[in-house]
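Below are the chains, spelled out letter by letter.
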Amino acid sequence: MLWIGTSFKMTKTRAQAAEYAARLRTEVGRDGVPGVQPFVIPSATSIAEVAAVLGGDSPVLVGAQNAHWEDAGAWTGEISVPQAADAGARIVEIGHSERREHFGETDATVALKVRTILRHGLIPLLCCGESADVFARGDSVEHVLGQVAEALDGLADTSRVLIAYEPVWAIGEHGRQPRPDEIADVIAALSAKWGDRVAAVLYGGSVDQSNAGTLLRVPGVDGLFVGRAAWDVDGFLSILATARAVVGG
Ligand code: 13P
């Protein structure tokens, strides 16, 4: 099973997100994509809209881009895991590098969040990845394994967890597409340490239609987490089609 998902990050109105979801519902259908688990992570304002348009039995999972570790309380501006679930989210993304860089997300808060998400029966999508400096020093494997250990060590059951390896130097408009050999060591290390204990190890960062097939063939990659290239629904559909072809051999 390959997991193929996108985060809309801070884009799309509710109407735009609903239009996207409607196309996805039509194109993916009720039966889904054989061998592929698609997921979409809209902004918090559109989670309910997207979940409603896709429908309760949709083969496409819906997620939230962040949630707090407490179930409720005086935490202005945050949403809780139960609130995200109530809106229709089945996945909660945590630890994205943009949240670590700009909003104070740390390994410690990620560890708290992963426990809350699991307690509520949702799927944590744990993002990890090294900066350009760490990459240049050759310390990527150690750094990323450390981030994941901080989040998951001590948990009895991590079988629902998705790990997304997203090198910071590859993410977003200032990122660059990685060569497969540049991500192979970290993916191999994650796969060796966690592959049997989590649902999947995904790669993310400057994925698009041109490199999706190559990246999916890196040993240990169980899926892709896509930003910009999937904000247009045709881009997402094209990457889903690539994944289907890879699964089909
Ligand atoms: P891009 O695909 O736009 O580089 O973003 C990747 C990402 O951060 C997914 O969460």
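Calculation criteria
Residues numbered from 1 in each chain as written. Predicted model: local features only at pLDDT ≥ 70, side-chain atom pairs only at ≥ 80, totals over all residues. Heavy atoms only, no water. UniProt positions renumbered as here; feature names shortened; annotations may be inferred. Pairing = 2+ DSSP bridges. Helix = DSSP H or I, 4+ residues; strand = E, 2+ residues; numbered from the N terminus. Axes fitted to C-alpha atoms, helices over the stretch in contact; angles between N-to-C directions. Near = heavy atom within 4 Å. Polar contact = N/O pair within 3.5 Å; in protein donor to acceptor, adjacent residues only side chain to side chain. Areas by Shrake-Rupley, 256 points an atom, 1.4 Å probe, with all protein chains shown as cover. Nonpolar A, V, L, I, M, F, W, Y, C, P; charged D, E, K, R; others polar. Salt bridge = Lys/Arg side-chain N within 4 Å of Asp/Glu carboxyl O. Buried < 20%, exposed > 50% of the residue type's maximum accessible area, 1.4 Å probe, protein only. Core = buried A, V, L, I, M, F, W, Y, C linked by side-chain atoms within 4.5 Å. Contact = heavy atoms within 4.5 Å. Expected span 1.5 Å × (residues − 1).

The protein is annotated in an unreviewed UniProt entry as Triosephosphate isomerase from Streptomyces himalayensis subsp. himalayensis. Under the UniProt heading Catalytic activity (unreviewed entry), the entry covering the protein gives this text: "D-glyceraldehyde 3-phosphate = dihydroxyacetone phosphate". As stated in UniProt under Subunit (unreviewed entry), the record for the protein gives "Homodimer."

Caption draft 1: Broad picture of the sheet that holds strand S2 (residues 36–41). Within the closed barrel, the 8 strands sit side by side as S1-S2-S3-S4-S5-S6-S7-S8. Their pairing is parallel. The mean angle between the axes of side-by-side strands here comes to 25 degrees, regardless of whether they run parallel or antiparallel. Examined bridge by bridge, strand S7 (residues 200–204) and strand S8 (residues 223–226) share 2 bridges and lie parallel to one another. Looking at the pairing, Gly204 lines up with Phe225 of S8.

Caption draft 2: Here's a closer look at the site of the ligand. Around the ligand, a shell composed of Lys9, His96, Glu166, Ala170, Ile171, Gly172, Gly205, Ser206, Phe225, Val226, Gly227 and Arg228 is seen. Here an oxygen atom of the ligand and a backbone polar atom of Gly227 are 2.9 Å apart. In isolation the ligand exposes 310 Å². Once the protein is present, 99% of that is buried. Its residues assigned to classes, the shell around the ligand shows 4 nonpolar, 5 polar and 3 charged.

Caption draft 3: Broad picture of the pattern of salt bridges. Counting across every chain of the model gives 12 salt bridges. The shortest N-O distance in the salt bridge between Glu49 and Arg14 comes to 3.3 Å. Of this pair, Glu49 sits in helix H2 (residues 47–54) while Arg14 is found in helix H1 (residues 14–28), placing the two residues 35 residues apart along the sequence. With relative accessibility at 26%, the residue Glu49 sits in the partly exposed group. With its nearest N and O atoms 3.2 Å apart, the salt bridge here joins Arg137 to Asp139.

Caption draft 4: Looking closely at the nonpolar core. In this structure, Leu24, Leu152, Leu190, Tyr203 and Leu224 are the most contacted members of the largest nonpolar core, which totals 68 residues. Considering each element in turn, this core owes the most residues, 7 residues, to helix H10 (residues 233–247). Ignoring anything within four residues of it in the chain, the contact list for Leu24 reads Gly29, Val40, Leu54, Val60, Val233, Phe236 and Leu237. Membership of the second largest hydrophobic core comes to 13 residues, among which are Trp3, Ile123, Ala164 and Leu202.

Caption draft 5: Local environment of helix H5 (residues 107–119). Compared with an ideal rise of 1.5 Å per residue, which puts 13 residues at 18 Å, H5 spans 19 Å between its outermost C-alpha atoms and is within 8% of the ideal. For H5, the set of buried residues is Thr109, Val110, Ala111, Lys113, Val114, Thr116, Ile117 and Leu118. In this structure, the buried residues of H5 make contact with helix H3 (81–87), strand S4 (91–94), helix H4 (97–102), strand S5 (123–128) and helix H7 (140–152). Gly121 occupies a position one or two residues after H5 and carries a positive phi of about 80 degrees.

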